[in-house]
Every structure is written in C-alpha cells, then in structure tokens.
Amino acid sequence: MKKKVGIITTGQSPRNEYRSFHRNALAALGLEVDVFERACLDGLSREEIRAHEIKPEDGLGIGCYVHNDTPADRRMGSGWEEIFVDQAWYIERAQAAISAHEADGMDIILMCCAEMYPPNSFRCSVPLLLPYQLMFDVVRRQAEAKGRFKLALLLPTAWHIGQDRATWESQPWMKDVEASFGIGIADGQAVEQLKAGAPYDLALIWGYGDGLAPHDPDDLLESISKGLQCPVITPNVLNVFNARTLLSPAWPERIHVER
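Procedures and definitions
Residues numbered from 1 in each chain as written. Predicted model: local features only at pLDDT ≥ 70, side-chain atom pairs only at ≥ 80, totals over all residues. Heavy atoms only, no water. Salt bridge = Lys/Arg side-chain N within 4 Å of Asp/Glu carboxyl O. Helix = DSSP H or I, 4+ residues; strand = E, 2+ residues; numbered from the N terminus. Buried < 20%, exposed > 50% of the residue type's maximum accessible area, 1.4 Å probe, protein only. Pairing = 2+ DSSP bridges. Right-handed = clockwise from strand over helix to strand, strands pointing away. Contact = heavy atoms within 4.5 Å. Axes fitted to C-alpha atoms, helices over the stretch in contact; angles between N-to-C directions.

Trainee: Help me understand the pattern of salt bridges in this model?
Mentor: Side chains that differ in charge, positive against negative, can pair when their charged atoms come close. Under the criterion given, the structure shown has 14 salt bridges. Residues Arg141 and Asp137 are paired through a salt bridge, measuring 2.9 Å at the closest nitrogen-oxygen approach. One end of the pair is Arg141 and the other is Asp137, both in helix H4 (residues 131–146) and four residues apart, which spans about a single turn. The class of Arg141 is partly exposed, set by a relative accessible area of 40%. Through salt bridges with shared partners, one network takes in Asp137, Arg140, Arg141 and Glu144.

See the structure below:
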C-alpha cells in the first residue's frame, strides 16, 4: 500500500506543482506515495481573508497565494495574487490543516513554508516537517565544523526583509556565519545583488517552491548556483529528503554497492 503524504500550503489550492513535485521527487528516491494537499486558506472568501492581511510594520506575517481577479501574477499566472497574512491567525489555520491530515490517516505531514514559527506552535501525532528547522540545522552544522561560514540567503520579496533578518540573527550559531541577503529570486535580482561576494559556501532559498511555479525559469536553481559559485538548497528538497528517511520501507541502499 502506498504511503500517504500530506502537504500543507499557506494560501489556497490547488497547487498542482507542489503535489506533483513531492510525489515525483519521492518516486525518484524509490518510494511511491499518494500526496494530499490541504491549503490553510481554503473555504474562505477573499473578503474574509482580507480582514487578516498585514503590513510589515504591523507584525509577523506569512506569504500566501490566493485566488483573485487581479492582473496575472508573474510566477503563478492568471487568477492568483500573493498576499501576507497575520502569522498568529495563520498558525491556527495551519494547525487545523494538520489535524485534518491526521484524521485522514497521513503517514507524514510536510509544511510547505520556509518561515520560522514560535516554539510549540504545532501538535502532530505523525512526523511533521517544518523546513525552517531543517535549513537552520544545515547551516548550524556547517558553521560549527568550519568555524566561519559564508552564507547567501535569497528572499522572494522585500516585503518582510526585517522579519527575515531577525529570524536568522536570532540563532546563537549565527555569530559564526557571514550572511548576505539578496531580494528577488525568480527574476534574478537576488543573484545580481549577491554575486560580487561570490564564492559562497552555501546559498539557501528562503521561500518554498521557488523554481516550481508555472512561470519560474526552468534553469533557476542552476543559474543561482553558477552565479554564486556554490551549492543551492531549497526548503522543498530538504522536506523531500527528510521525508524519505522517515518513511518505510527504507531506501534499498545495497543496490548501489558494486559487487
């Protein structure tokens, strides 16, 4: 029987690129799964959502794609609009999505959002992956090993650059990290801002799904790696790799051994 993987998207559904990416990426790692999406803002009208929209100066926010009749979004196309909503309200909606996935018998749940949440924001009886924790862990381990670590952080928009800086600077191991921020992933602006400082030890995409959206460049991650002269890690890839290790059956490692 296929494993059941629940994904939680921040805005409204369907996010076909997310469902297909997680299903096909796990298949490439040797595991056939069924992927089920729950979107935190499904079931709400645009007016109901608008009551919870937030500006940077008003507090912590979460980026979301919702349905609207605004001009076509540059990444998602027609019928979509990117907005930011109050984090505390979003966390309530996300916990409801987690609980619904649990009730539907998911074997693992993946949060499709790179933002940091307050401690103990969520409760879940099955493995729950929060990408910010996985990204922090990659940087922390490398900083501890190298003693000094040069990191490029690429942000989708300038909307909450202050929030993003505070997120990373809040971690004690960041004292050993030389972090540079670039804004604008899909349009290449972040690379233009950062490339003078290349090479970096690592580049992180601080936005879930950049490179997956219908109108993102096909070679986006390759071009970032070339421009910054370093490996590039996305939160969605970290989710998939960690999900594979937490699901059974185990990866059949012996097939890779030369006899």
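Trainee: How should the pairing of strand S2 (residues 33–39) be read in this particular structure?
Mentor: Every regular strand shows the same layout, with side chains that alternate between the two sheet faces. Side-chain alternation along S2 places Val33, Val35, Glu37 and Ala39 on a buried face and Asp34, Phe36 and Arg38 on a face that remains uncovered. Both strand S1 (residues 3–9) and S2 contribute to a ladder of seven bridges, which runs parallel. Directly across from Lys4, in S2, lies its bridge partner Asp34. Read as a crossover between parallel neighbours, the route from S1 over helix H1 (residues 16–28) to S2 is right-handed.

Trainee: How should the sheet that holds strand S8 (residues 177–183) be read in this particular structure?
Mentor: Paired through backbone hydrogen bonds, the strands of a sheet run either parallel or antiparallel to each other. With parallel pairing, four strands are arranged side by side in an open sheet as S8-S7-S9-S10. With partners counted over all chains shown, the strands left at the sheet margins are S8 and strand S10 (232–233), one partner each. Along the sheet, H4 contacts strand S7 (149–155), S8, strand S9 (202–205) and S10; its crossing angle with S7, the most-contacted strand, is approximately 160°.

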